[in-house]
Amino acid sequence: MNLANLANNYEEAVAMLLFVIGFSNLLLQKNLIRKIIGLNIMDTAVYLFLALKGYIEGRKAPIVVDGVQSMEAYVNPIPSGLVLTGIVVSVSVSALMLALTIRLYRRYHTLDLDEITTRLKKEGL
Amino acid sequence: MEFVQNFPFFSILLSLFSGPLCSVIGGKAARRVNLAVITAVGAMSAAVLNFTIRSGEAYVYLMGHFPAPWGNEIRVGVLEALMALFFCVVMFLSMIGGSLERALEIEEGKENLYYVMVNLLLSSLLALIYTNDLFTAYVFVEINTISACGLIMIRQNGRTIEAATRYMIMSLLGSGLLLLGICFLYDMTGHLLMSNIKEQVQILHATGDYHIPLLVTVSLMSVGIAIKSALYPFHAWLPDAYGYSTLSSAAILSSLVSKGYIFLLVKIFYRVIGFDIVRDSKIVNVLFAFGVVGMIMGSVSAIKEGNVRRMIAYSSVAQIGYIYMGFGIGTTAGVIASLYHILSHAATKSLLFVAASGLTDASGDSTSFFDLTGAGYRNKLAGVAFTVGSLSMVGFPMFSGFISKLLFAQAAVDSAYYKMLPALIALALSTILNAVYFMKTVIRIYTPADREEVKRRGFRNVTVTDQKAKSVALVCFIALNLALGLSSEPVVRLLREGLNLFA
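Quick caveat: nothing in here was measured; it's all calculated off a predicted structure.

J.: Would you explain the overall build of chain B in this entry?
T.: Along the backbone of chain B there are 22 helices and 2 strands. Taking 23 Å as the expected radius of gyration for a compact globule of 503 residues, we find that chain B reaches 22 Å, a close match to that expectation. Dimensions along the principal axes, computed over C-alpha positions, put chain B at roughly 75 × 55 × 45 Å. Residues counted as buried form 65% of the 503 residues belonging to chain B.

J.: Help me understand the packing of aromatic side chains in this model?
T.: Here a ring pair, both rings aromatic, is described through the centre-centre distance and the interplanar angle of the planes. Residue and element names in this part refer to chain B. The full count for this structure, using the stated rule, is 24 aromatic pairs over all chains. Taken together, the ring pairs in this structure connect Phe3, Phe7, Phe9, Phe10 and Tyr61 into an aromatic cluster. One residue, Lys419, lies across the ring of Phe288, its end atom 5.9 Å from the ring centre. Positioned over the ring face of Phe369 is Lys440, at 5.0 Å from the centre of the ring.

J.: I keep staring at the confidence of the model for chain B and nothing clicks. Help me out?
T.: Any region with low pLDDT has predicted coordinates that should not be read closely. Residue and element names in this part refer to chain B. When pLDDT is averaged along chain B, the result is 91, and 100% of the positions lie at 70 or above. Per-element mean pLDDT across chain B ranges from 80 in helix H20 (residues 451–457) up to 94 in helix H3 (residues 78–97). For this predicted complex, the interface score ipTM comes out at 0.94, while the overall pTM is 0.94.

J.: In this structure, what is going on with the interface of chain B and chain A? I would like to understand it.
T.: Think of interface size as the accessible area that goes away when the parts come together; that is how it is often given. At the interface, 31 residues of chain B touch 35 residues of chain A. The junction of chain B with chain A conceals about 3200 Å² of combined surface from both sides, 80% of it contributed by carbon and sulfur atoms. In this assembly, chain B and chain A are joined by 2 salt bridges. The salt bridge involving Asp114 of chain A is made with Arg166 of chain B; its shortest N-O contact spans 3.6 Å. Residue assignment for the side of chain B that touches chain A shows that the elements contributing at least two residues are helix H6 (134–153) and helix H7 (158–189) of chain B. Ranked by the residues each element gives to the side of chain B that touches chain A, the list is headed by H7 of chain B, at 19 residues. Among the residues making up the side of chain B that touches chain A, the classes are represented as 20 nonpolar, 5 polar and 6 charged.

J.: Is there a simple way to think about the confidence of the model for chain A in this case?
T.: Taken over all residues, the pLDDT of chain A has a mean of 89, while the share at 70 or more is 98%. Summarising per-element confidence for chain A, the mean pLDDT is lowest in helix H1 (residues 2–8) of chain A (82) and highest in helix H3 (residues 32–54) of chain A (94).

J.: Sorry, what's going on with the nonpolar core here?
T.: Within soluble globular proteins, side chains that are nonpolar tend to cluster in buried spots. Residue and element names in this part refer to chain B. Counting residues in hydrophobic clusters, the biggest one holds 211 residues, and the most contacted among them are Leu185, Ile273 and Tyr324. Examining the composition of this core, we find that 19 residues originate from one element, H7, more than from any other. Ignoring any residue separated from it by four or fewer positions in sequence, one finds Tyr324 in contact with Ile225, Ala226, Ser229, Leu231, Ile262, Leu265, Leu287, Phe288 and Gly291.

J.: Looking at this structure, how should I read the pattern of salt bridges?
T.: Proximity of charged atoms lets side chains of opposite charge pair with each other. Residues and elements named next belong to chain B. Inspection of the entire model under this criterion finds 15 salt bridges over all chains. Among the salt bridges present, the one from Arg155 reaches Glu105, with a minimum N-O distance of 3.7 Å. Taken as a pair, Arg155 in the loop between H6 and H7 and Glu105 in helix H4 (residues 99–105) lie far apart in primary sequence, 50 residues in all. Classification of Glu105 by relative accessible area gives partly exposed; the value is 23%. Arg166 is the salt-bridge partner of Glu162, the closest N and O atoms lying 3.2 Å from each other. Here the residue Glu162 and the residue Arg166 both occupy positions in helix H7, the gap between them amounting to 4 residues, near one helical turn. Under the relative-accessibility criterion, Arg166 is labelled partly exposed at 22%. Beyond isolated ion pairs, a larger network of salt bridges with shared partners links Arg159, Asp240, Glu305 and Arg310.

J.: Before we go on, may I ask you to explain a nonpolar patch on the surface in this structure?
T.: Among the surface-exposed residues, Tyr10, Val14, Leu17, Leu18, Ile21 and Leu48 of chain A lie close enough to one another that they form a single nonpolar patch of about 530 Å² accessible area. If you tally residues by element for the nonpolar patch, the top one is helix H2 (residues 10–28) of chain A, at 5 residues.

J.: Mind showing me how you'd approach helix H21 (residues 468–486) of chain B here?
T.: For an α-helix, 3.6 residues make a turn, and residues three or four places apart therefore share a direction. Between its first and last C-alpha atoms H21 of chain B spans 27 Å; for 19 residues at 1.5 Å apiece the expected length is 27 Å, and the two agree. Looking at H21 of chain B, one finds that the buried residues are Lys470, Ser471, Ala473, Leu474, Phe477, Ile478, Leu480, Asn481, Leu484 and Gly485 of chain B.

Rules and cut-offs
- Residues numbered from 1 in each chain as written.
- Chains lettered and ligands numbered in written order.
- Predicted model: local features only at pLDDT ≥ 70, side-chain atom pairs only at ≥ 80, totals over all residues.
- Heavy atoms only, no water.
- Helix = DSSP H or I, 4+ residues; strand = E, 2+ residues; numbered from the N terminus.
- Rg over C-alpha atoms; globule rule 2.2 N^0.38 Å.
- Buried < 20%, exposed > 50% of the residue type's maximum accessible area, 1.4 Å probe, protein only.
- Phe/Tyr/Trp six-rings, centres within 6.5 Å; stacked < 30°, edge-to-face > 60°.
- Lys NZ or Arg CZ within 6 Å of the ring centre and 35° of its normal.
- pLDDT = per-residue confidence, 0-100.
- Contact = heavy atoms within 4.5 Å.
- Buried area = accessible area lost by both parts, 1.4 Å probe.
- Salt bridge = Lys/Arg side-chain N within 4 Å of Asp/Glu carboxyl O.
- Nonpolar A, V, L, I, M, F, W, Y, C, P; charged D, E, K, R; others polar.
- Core = buried A, V, L, I, M, F, W, Y, C linked by side-chain atoms within 4.5 Å.
- Patch = residues over 30% accessible without salt bridge, like charges linked within 9 Å, V, L, I, M, F, W, Y side chains within 5 Å.
- Areas by Shrake-Rupley, 256 points an atom, 1.4 Å probe, with all protein chains shown as cover.
- Expected span 1.5 Å × (residues − 1).

Below you can see the structure in the form of structure tokens.
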């Protein structure tokens, strides 16, 4: 019964799997660039999930063409709006993370966050 | 509709648009704009608070003329207005208190960028306080994170950049979980406005449908916000971020930024899910356990720390633990105690940061514990202020910290026995540990220093007139602390009233 549920909702399962992959990369990787890639995978997984939830089989994108105004003709537009907003947020935090990474790399010539921390401790600022 | 009801909307927009404005004007002008904006927002919040107390009910303000469930809303009650007013006061005092440090530590020509960040931070805090839409809350959570990151790294050295990176990583993990929780909730209920979600969640809870997804959602959102507000095991970035950033950043970050997230969590508990459902879900027990551990471990780390500013930062970890323990008790009394502690901690922690910087000014800018010997004599006002802050943290009567400890203890006594004992023991232990490191520092700053040593190191005396702005800030902070401690009754009544209107 549960396995059948999983098979029916395999798209959602994939989204969750991606989320976990991204989350653990962001948390566990030492390399900053890999962390940022993890961040993007994690956010993309959420957008995939949202897009899935907005999709209704057999309906079209919610743009009125040929004067069809019936609600039954279109998919739910709100999740798409949320995805767009989310993408904007995700782009800005990625940009900020990359900028921080450049700063750190210029100073310490490494992308390994743990090594940077050890060196800071040695500097004993 | 009265004109005053527009003020929450005005204050969000005013601070939001003054951000970009500050990026195109010079540093001095930006500073004036910033102080003016904080003052204006504070005045408007006071007017709103007055209005909501008189009317005795919360009101909903439509953003754009679409009614629920389509449009975006803000919702204003006593609690929201009180928080907004308080946040403005603390931010204003922190900005004045740190003006001297900002002039020294921020790179030439970049001062105005600092005020961009502060204005955006204020607007995101206000939006988190007022909004009634879950996705708007998420967006402003991210704005809050980004501007807080800017505040940390405006003083450029290896430590702050590393701290900012760690802060961003932890925050992004937290907001990822929060976003996923919001998406689940939207999926189950089909709404984004908090009040509408609550109706649907009540129905789901009554029928028992989606029991496990609902549980997962509540845990995702709670854990996400707990990570962002540096609850105990997620605090690794905190000491560096607070310890090495410029003074006003440290004061604002410790007293306001984490509190904004916690306020959002209260909102999720009361307005989105319903507190009885949260309590039944047992997630509060997890928060309780982490809060209790944090209360002890934060203080233990603070005792081991030899750098005064990092010590105060570690003490924040313990205080965040208190706040989560209050939620974890799972009664309204516990939440009121936590809300009071938000106010009390904000007033005290920023006081301690400013006072500690006054003491280090009189010790050749060294933050080392032993260099502070006798600093209380070299900078008298800062010494008194630090003592007041320490006594308040320890829970000495008259000061605000005492009242919050009292409220926590009362809430614990009225709760289930398996929570009462751990809570009371943790309170007692944590108080002793607090006393160990704060009183140790107070004794240290009032231990007369060796004259030769002072002369050799060139420590100078700092008088009140040397640092006018900082002295004004310190006096106001002390007054705020005493006011919270001595007239706690009306404040607690307002919090209780506000929490009733909140749901």
